[in-house]
Amino acid sequence: MYAQAKDLRSLVGSEVEMRGWIASKRASGGVAFLTLRDGSGFAQLVCERGVLPEPEFEAAKMAFVETPALVAGRVALPEGRDRPELKASSIRLLPSEQGFPIGRKEHGPEFLMDQRHLWLRSPRQAACLRIRSSLEFACAEFLHREGFHRFDSPLITPTACEGTTELFELDYFGSPAYLSQSGQLYAEAGIAALGKVYTLGPCFRAEASNTRRHLTEFWGVEPEMAWVGAEENIAFQERFIRAVLAKVADEAAEDLAFVGRDPAALRFDARPFPVMLYDEALAMLGRSGRELAWGEDLGVEDEEELTKSFDRPFFIYKYPVACRAFYIEPDPADPRLALSSDCLMHGGFGEVITGGQRASDCAFLRGRIEEHGLRLADFEWYLDLRRFGSVLHSGFGMGIERMLRWICGIHHIREAIPFARTPSRCRP
Ligand code: 4AD
Ligand code: MG
């Protein structure tokens, strides 16, 4: 068994073996300090002349950054230090080339994105991606505990879900097909079979906008629930966010601290997440000098402005029908409004979740499908869900990268996914 860097603290005094990559090196006279990176974290290796066999010491002293290394030694905690180190008694290096392109000096974002396959190894990037992994696992774990089943919707689809302007079209054996914008419509079929389901997979949007919060390929977690209305859906989202963030705070505490986020900021006291109406949001924006005509959707800056007034995630509810996708149920009390909400993260971020109650009436849905310029024939299967055993149901979708961006305080969403796809980049 190889010891992992993250576990060294509990291994002080033990003889262990470790393996990883040399992240940095400092050598002077008879001693070389190497930092070993092993995927779990970093460990300091102390390589001393006379302790290591001479050829091994010489090799360690000359090693290039990113050389793979297999090391044995004793874990020690030097007086007055809080990080244990490994006093190496043997080290074996595997071949690797000199000239790793990412150094300590500042590199521009385009260079780093060109080198993304190597940049991933940088401490901050690796920490964010470990937190991402915890986040995805926490979502799945919470939903399973709540009785949901994972339901994998297709990624090649005959129709749009979120509007026709953001579709990636592909030639499916001579007929047009599209990369899925959202698993939701299929999840709606899933609930009649399984009760509560969620999808967790890629979503594609051919959005030409280059912003700090849009990707053309992102990962969405989309729970869908039978017998649940819009307001219970909002209450469930609050429980979901609380549970998921608390789990991430537990599991990724060290990485969070490393990226500069206090894990305690991922826990919220019992005061509920505020829910305001779209109309109230407009009034609030008006008071801070941002006039929006009724019916207009909120822009990035409007959302950022609103987040200033809250110390926790909050919801905006009952958007105008015109701002929402075709499948949302109108408010019976005022059909201009949709039973649909967004959840915004505080602290200058904005939307991470959109959710809502699904329309139940076939004639209404037909009208909306046509208004949105969609082909009715492609949605007959979806209308079947209303014809046969339709029940009250709701769901929501959270963008993994959006939430990770908030958790880690990532400036640009491209660092919230291993290999970002944006309008100007689909490589490496
Ligand atoms: O708001 P959206 O478009 O809603 C849906 O797709 C619904 N079908 C969800 C549902 O009810 N099941 O997308 C859901 C979430 C957004 O709130 C945002 O977090 C994220 O997905 N998202 C994006 N993330 C990165 N880049 C983009 N271009 C995104 N578009 C949406
Ligand atoms: Mg949305």
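To start, this report covers the structure provided alongside it. Because the structure is a prediction, the values reported are computed rather than measured.

1. Concerning the environment of Arg-239
And step 1. Here Arg-239 shows up in helix H6 (residues 230-251).
And step 2. On a C-alpha basis, the gap between Arg-239 and Phe-173 in space is 44 Å, while along the polypeptide they are 66 residues apart.
And step 3. Ignoring anything within four residues of it in the chain, the contact list for Arg-239 reads Phe-142 and Glu-146.
And step 4. Within polar-contact distance, the side chain of Arg-239 engages the side chain of Glu-146 at 2.9 Å.

2. Some words on the sheet that holds strand S3 (residues 42-48)
And step 1. Sheet architecture is closed into a barrel: 5 strands sit in the order S1-S2-S3-S5-S4, paired in mixed fashion. Here the average twist between neighbouring strands, direction ignored, is 55°.
And step 2. Relative to strand S2 (residues 31-37), strand S1 (residues 15-28) runs antiparallel, the two sharing 7 bridges. By the bridge assignment for S2, Trp-21 is matched with Arg-37.
And step 3. Packed onto the sheet, helix H1 (residues 54-62) meets S1, S2, S3 and strand S5 (85-93) and runs at close to 95° relative to S5.

3. Things to note about a nonpolar patch on the surface
And step 1. On the surface, Ile-156, Tyr-172 and Phe-173 cluster together into a nonpolar patch covering about 370 Å² of accessible area.
And step 2. Relative to the helices and strands, Ile-156 resides in strand S7 (residues 156-157).

4. Some details on the packing of aromatic side chains
And step 1. As enumerated under the stated definition, the model contains 15 aromatic pairs in all.
And step 2. Pairing Phe-268 with Phe-273 gives two aromatic rings, centres 5.4 Å apart and planes at 85°, and the pair type is edge-to-face.
And step 3. Under the relative-accessibility criterion, Phe-273 is labelled buried at 3%.
And step 4. Consider the rings of Tyr-278 and Tyr-319, whose centres lie 5.7 Å apart with planes at 45°: the pair is tilted. Of the two residues, Tyr-278 sits in helix H8 (residues 278-287) while Tyr-319 sits in the loop between strand S13 (314-317) and strand S14 (330-331), which places them 41 residues apart along the sequence.

5. Observations regarding H8
And step 1. Within the sequence span of H8, burial applies to Tyr-278, Ala-281, Leu-282, Met-284 and Leu-285. End-on, the buried residues of H8 take up no more than an arc of 165°, which puts them together on one face.
And step 2. Against strand S12 (275-277), helix H9 (300-307) and S13 lie the buried residues of H8.
And step 3. Taken from the residues just after H8, Gly-289 is the one with a positive phi, measuring 85°.

6. A short note on the site of ligand 1
And step 1. Residues in close proximity to ligand 1 total 22 residues, the closest being Glu-162, Gln-184, Glu-222, Glu-351 and Val-352.
And step 2. Measuring from a nitrogen atom of ligand 1, one finds a side-chain N or O atom of Ser-182 at 2.9 Å.
And step 3. The separation between a nitrogen atom of ligand 1 and a polar side-chain atom of Gln-184 is 2.7 Å.
And step 4. Coverage of ligand 1 by the protein amounts to 94% of the 610 Å² it exposes when considered alone.
And step 5. Because more than half of its atoms lie within 2 Å of the grid, ligand 1 is assigned to the second largest pocket.
And step 6. For the shell around ligand 1, the secondary-structure elements that each account for two or more residues are strand S11 (217-226), strand S17 (350-357) and strand S18 (393-399).

7. Some points on the layout of surface pockets
Gaps left between atoms show up when a probe the size of a water molecule is rolled over them.
And step 1. The computed volume of the largest pocket comes to approximately 1400 Å³.
And step 2. Arg-37, Gly-41, Phe-42, Pro-123 and Phe-258 are the residues nearest the centre of the largest pocket, which is lined by 48 residues in total.
And step 3. Of all the elements in the fold, those that place two or more residues in the lining of the largest pocket are S1, S2, S3, helix H3 (116-119), helix H4 (123-145) and helix H7 (253-258).
And step 4. Tallied by class, residues from the lining of the largest pocket come to 19 nonpolar, 11 polar and 18 charged.
And step 5. Residues from two domains meet in the lining of the largest pocket; each of domain 1 (5-93) and domain 2 (116-416) gives at least three.
And step 6. Its volume calculated, the second largest pocket comes out at about 1000 Å³.
And step 7. Considering the residues around the second largest pocket, the lining is formed by 45 residues, among which Glu-162, Glu-166, Arg-205, Glu-351 and Thr-354 are closest to the centre.
And step 8. Breaking the lining of the second largest pocket down by element, the ones donating at least two residues are S11, H9, strand S16 (340-345), S17, S18 and helix H12 (400-408).
And step 9. For the lining of the second largest pocket, the leading source of residues is S17, giving 6 residues.
And step 10. Here the residues of the lining of the second largest pocket sort into 16 nonpolar, 14 polar and 15 charged.

8. Quick word on the sheet that holds S17
Within a sheet, adjacent strands bond to each other through the backbone by hydrogen bonds, running parallel or antiparallel.
And step 1. With respect to topology, 8 strands assemble into an open sheet ordered S6-S10-S11-S18-S17-S16-S13-S12, the strand pairing being mixed. Unpaired on one side and paired on the other, strand S6 (149-150) and S12 mark the two borders of the sheet.
And step 2. Bridge count for S6 against strand S10 (residues 196-204) is 2 bridges, and the pairing is parallel. Across the sheet, the residue bridging to Arg-150 is Tyr-198, located in S10.
And step 3. Together, S6, S10, S11 and S18 form the strand contacts of H4, whose direction differs from that of S11 by roughly 10°.

9. Structural notes on the pattern of salt bridges
And step 1. The final tally for this structure, using the stated rule, is 37 salt bridges.
And step 2. Overlapping salt bridges, with partners in common, bring together Glu-141, Arg-145, Lys-247 and Glu-251 in one network.

10. Looking at empty space enclosed by the protein
And step 1. As enumerated under the stated definition, the model contains 2 cavities of 30 Å³ or more in all.
And step 2. As a volume, the largest cavity reaches approximately 60 Å³.
And step 3. As for the largest cavity, its lining consists of Thr-157, Thr-159, Ala-160, Cys-161, Leu-167, Leu-179, Ser-180, Gln-181, Ser-182, Leu-185 and Tyr-186.
And step 4. Taken together, the residues of the lining of the largest cavity break down into 6 nonpolar, 5 polar and no charged.
And step 5. In this structure, the second largest cavity encloses a volume near 50 Å³.
And step 6. Lining the second largest cavity we find Arg-213, Phe-349, Gly-350, Glu-351, Val-352, Arg-402, Arg-405 and Trp-406.
And step 7. Sorting the residues of the lining of the second largest cavity by element identifies S17 and H12 as the ones contributing at least two each.

Criteria and cut-off values
- Residues numbered from 1 in each chain as written.
- Chains lettered and ligands numbered in written order.
- Predicted model: local features only at pLDDT ≥ 70, side-chain atom pairs only at ≥ 80, totals over all residues.
- Heavy atoms only, no water.
- Helix = DSSP H or I, 4+ residues; strand = E, 2+ residues; numbered from the N terminus.
- Contact = heavy atoms within 4.5 Å.
- Polar contact = N/O pair within 3.5 Å; in protein donor to acceptor, adjacent residues only side chain to side chain.
- Pairing = 2+ DSSP bridges.
- Axes fitted to C-alpha atoms, helices over the stretch in contact; angles between N-to-C directions.
- Patch = residues over 30% accessible without salt bridge, like charges linked within 9 Å, V, L, I, M, F, W, Y side chains within 5 Å.
- Areas by Shrake-Rupley, 256 points an atom, 1.4 Å probe, with all protein chains shown as cover.
- Salt bridge = Lys/Arg side-chain N within 4 Å of Asp/Glu carboxyl O.
- Phe/Tyr/Trp six-rings, centres within 6.5 Å; stacked < 30°, edge-to-face > 60°.
- Buried < 20%, exposed > 50% of the residue type's maximum accessible area, 1.4 Å probe, protein only.
- Arc of directions from axis to C-beta.
- Near = heavy atom within 4 Å.
- 1 Å grid on protein atoms, 1.4 Å probe; cavity = no way out; pocket = protein on both sides within 12 Å on 5 of 7 lines; lining within 4 Å.
- Sits in = over half its atoms within 2 Å of the grid points.
- Points joined across faces, edges and corners; volume = space filled by probe spheres on them.
- Nonpolar A, V, L, I, M, F, W, Y, C, P; charged D, E, K, R; others polar.
- Domains from an automatic or database assignment.

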